[in-house]
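# Examining the three-dimensional arrangement
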Amino acid sequence: MHRTRSLGSIVFLDLRDRAGVLQATCDPRFTPLDVIAVAGRLGAETVVEVDGVVAVRPAEMVNRELVTGTIELQVTALRIVGPAVTPAIPVARGKDEKLAAEELRLKHRILDLRRPELQANLILRHRLLQVARQLMTSHGFLEIETPILTKTTPEGARDYLVPSRVHPGEFYALPQSPQIYKQLLMVAGFDRYFQIARCFRDEDLRADRQPEFAQIDIECAFVTQEDVQVVVERVLTALWKEAGHDIATPFERIRWADAMERFGIDKPDLRYGFELENWTAHVQPDAASFVLDGVAAGGKLRGIRVANGATWSRKEVDALAAVAKAQGLGGLLWAKRTDAGWEGQGAKAFGAATMERIGGVSGDLLLAGVGADAVALPAMGQVRLELTRRPEHLPTIAHAFCWIVDFPLFELDAASGEHMPAHHPFTAPHPDDTHKLETAPWECRAMHYDAVYNGNELGSGSIRITDPAVQETIFRLLKVPADEIQRRFAFLLDGLAAGAPPHGGFALGFDRIAMLLAGSTSLRDVIAFPKTTAARALFEGAPSPVSERDLAALSLAVLVKEKS
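First, a word on scope: everything that follows refers to the structure included in this document. From a predicted model like this one, the values you see are computed outputs, not experimental measurements. (Residues numbered from 1 in each chain as written. Predicted model: local features only at pLDDT ≥ 70, side-chain atom pairs only at ≥ 80, totals over all residues. Heavy atoms only, no water.)

A volume near 850 Å³ is recorded for the second largest pocket. H2, R3, V21, L66 and P116 are, among the 30 residues lining the second largest pocket, the residues nearest its centre. Mapped onto the lining of the second largest pocket, the elements with two or more residues apiece are β1 (3-7), β2 (10-17), β3 (20-26) and α4 (116-138). If one sorts the elements of the lining of the second largest pocket by residue count, α4 sits on top with 5 residues. Residues that form the lining of the second largest pocket fall into these classes: 11 nonpolar, 7 polar and 12 charged. (1 Å grid on protein atoms, 1.4 Å probe; cavity = no way out; pocket = protein on both sides within 12 Å on 5 of 7 lines; lining within 4 Å. Points joined across faces, edges and corners; volume = space filled by probe spheres on them. Helix = DSSP H or I, 4+ residues; strand = E, 2+ residues; numbered from the N terminus. Nonpolar A, V, L, I, M, F, W, Y, C, P; charged D, E, K, R; others polar.)

Laid out in structure tokens, this is it:
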């Protein structure tokens, strides 16, 4: 029961199922009076079975907003099969009626899932899954399931651990990805693998992440990086087409270093301009001392040119400065070009000679920062991102895909000061940089590649290490002790030593793709039973405590820290 409307002796019922809404009419001309009486008392969300005759609506009763708006069901019988209590949240809403708070909707997820919008999202998700399966199968890939109960391995996040009852004190790990297994499938000679894989990561809480998620996992043997990218482009083209969009291939390839230099981020939204410009060479001796000192210390002066931005208020510019400072940049310099010339604190800091070399036209707004690449690039990248969010800055195209390639093999972890894999430790070094592994490993590039769409990372992939000696070198560089290498990775090294073909693969974040194609802004809108940002399942009440008896069977005890 979606809605009920009573007009005297006639009762109109809007019946809803996953196909949509249909009007059922209870009229004394064809409906028994006792049925009309029951229909008039029906509550929202009650489940009913209705018999009747499908008839064409009178012309004046046609509802153009419904697919079924030209017909009605003339009711002859009605049975209540699922009485419903008053719903905790409304399912049927008026055009201007707001949704209930998300936490309340997640607590009453069954009712929330009855909303046509969420049902449409999950139906789209189903269609996308079938398209992916059909395409991969048509290209000779085999769908092979890998274990869910597995061994803990490093994938960049914490593992969810599962205690073993039959082996007290020992634990399985839920897979962060099928990474090692799919590599071993290549060693085993299966050539082309795919899986709609469930993955689990005990990450710090973020709004756009779920602790469990789905990915389209791909691996193939005897391939180059370009071969893998072609397959992924075909998958993405098919998915976007299923959602009603035609996209062009091949995607633009952008080196990681160039992406950072041009956009300050490695997942750039190419629908907009506002590329970062390096003005360091334009700096002249009349610039302010802090500008000269910053450049002398190895920093660079980078800026963004905003056409027609000279009309912006100081408050609007200060808001962008706050974004830059939040990213660690000392401040954001700005200058406006009017018919009378340059004005603003940036114009004074740069000096007339520097401003002359930077150049510009009347109406320009320049936003700039001085600093080391590690700070200035991401800070200016965030400023650019804020610019793209302004309502007057409309995208120039609807769908902007690109590949980011030639990532660093390692990156410095700010917290520990140690080098870490930029992605995971199974990525092959760039063939032109392999000779640097012993002499200058932190300068090595990786055979890694990301697919980016409208500023969203859709997935990552790489060509893998196939030489066990190289793999052990990577572990050693990451300071993994020799005994731990054997304990955690012996099965991978033994597999590679059995003779491994060159291979590579990719993993597409399926939940995020479904979200983008559904036009939603939350992963929770395309997952049937999602977790909150606090990693809780409100509907089923998980996680939850377990009894001491169950803990004892697993040889476990819970240690509760006293509050200080």
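Right, let's get into the pattern of salt bridges. Note on pairing: side chains with opposite charge can pair once their charged atoms come close. Under the counting rule described, the total for this entry stands at 42 salt bridges. The shortest N-O distance in the salt bridge between E242 and R127 comes to 2.8 Å. With a gap of 115 residues between them, E242 in helix α6 (residues 225-242) and R127 in helix α4 connect regions that are remote in the sequence. Classification of E242 as partly exposed rests on a relative accessible area of 29%. The exposure class of R127 is partly exposed, given its relative accessible area of 33%. Close ionic contact of E143 with R133 constitutes a salt bridge, the shortest N to O distance being 3.1 Å. With E143 in strand β6 (residues 142-143) and R133 in helix α4, the pair connects residues that are 10 residues apart, well separated along the chain. Judged by relative accessible area, which is 26%, R133 ranks as partly exposed. (Salt bridge = Lys/Arg side-chain N within 4 Å of Asp/Glu carboxyl O. Buried < 20%, exposed > 50% of the residue type's maximum accessible area, 1.4 Å probe, protein only.)

A few words now on the side chain of D217. If you trace the backbone, D217 turns up in strand β10 (residues 212-221). With relative accessibility at 0%, the residue D217 sits in the buried group. Of note is the side chain of D217, whose polar atom sits 3.0 Å from the side chain of K182. In this structure D217 touches P178, K182, Y193, F194, Q195, A197, F506 and A507, once residues within four positions along its chain are discounted. (Polar contact = N/O pair within 3.5 Å; in protein donor to acceptor, adjacent residues only side chain to side chain. Contact = heavy atoms within 4.5 Å.)

Attention shifts here to unusual backbone geometry. Residue T249 is joined to P250 through a cis peptide bond whose omega torsion reads 0°. Locating P250 in the fold gives a position in the loop between α6 and β11 (252-255). Residue P543 is bonded to the preceding A542 through a cis peptide linkage, with omega at 0°. Turning to its location among the elements, P543 is positioned in the loop between α15 (510-517) and α16 (548-553). Of note in the backbone geometry, E45 takes a positive phi value of approximately 75° without being a glycine. The buried category is assigned to E45, whose relative accessible area is 4%. If you check the backbone angles, F222 has positive phi at about 55° while not being a glycine. By the secondary structure assignment, F222 is in the loop between β10 and α6. Residue F222 is classed as exposed on the basis of its relative accessible area of 60%.

This part is about empty space enclosed by the protein. Taken as a whole and judged by the stated rule, the model has 3 cavities of 30 Å³ or more. Taken as a whole, the largest cavity holds about 120 Å³ of empty space. What lines the largest cavity is a set of 17 residues, among which T150, K151, T153, S177 and Y181 lie closest to the centre. Per-element accounting of the lining of the largest cavity gives the leading share, 3 residues, to helix α5 (residues 179-187). Of the residues in the lining of the largest cavity, the class split is 8 nonpolar, 6 polar and 3 charged. The volume enclosed by the second largest cavity comes to roughly 50 Å³. Surrounding the second largest cavity, L106, R109, F529, P530, T532, R536, A537, L538, F539 and E540 form its lining.

Here we take up the sheet that holds strand β15 (residues 341-343). With antiparallel pairing, the 5 strands of this open sheet are ordered in space as β12-β13-β16-β14-β15. Both outer strands of the open sheet, β12 (277-278) and β15, are each paired with one neighbouring strand and no more. Bridge count for strand β14 (residues 333-338) against β15 is 3 bridges, and the pairing is antiparallel. Of the residues in β15, the one forming a bridge with R337 is W342. (Pairing = 2+ DSSP bridges.)

Taken N-terminus to C-terminus, the directions of α4 and α6 make an angle of 145°; their axes are 9 Å apart at the nearest point. Remark: the crossing between α4 and α6 carries right-handed chirality. Where α4 approaches α6, its residues R127, L128, V131, A132, L135 and M136 are matched on the opposing element by V231, R234, V235, A238, L239 and E242. Residue classes in the contact of α4 with α6 are distributed as 9 nonpolar, no polar and 3 charged. (Axes fitted to C-alpha atoms, helices over the stretch in contact; angles between N-to-C directions. Left-handed = near helix turned anticlockwise from the far one by under 90°.)

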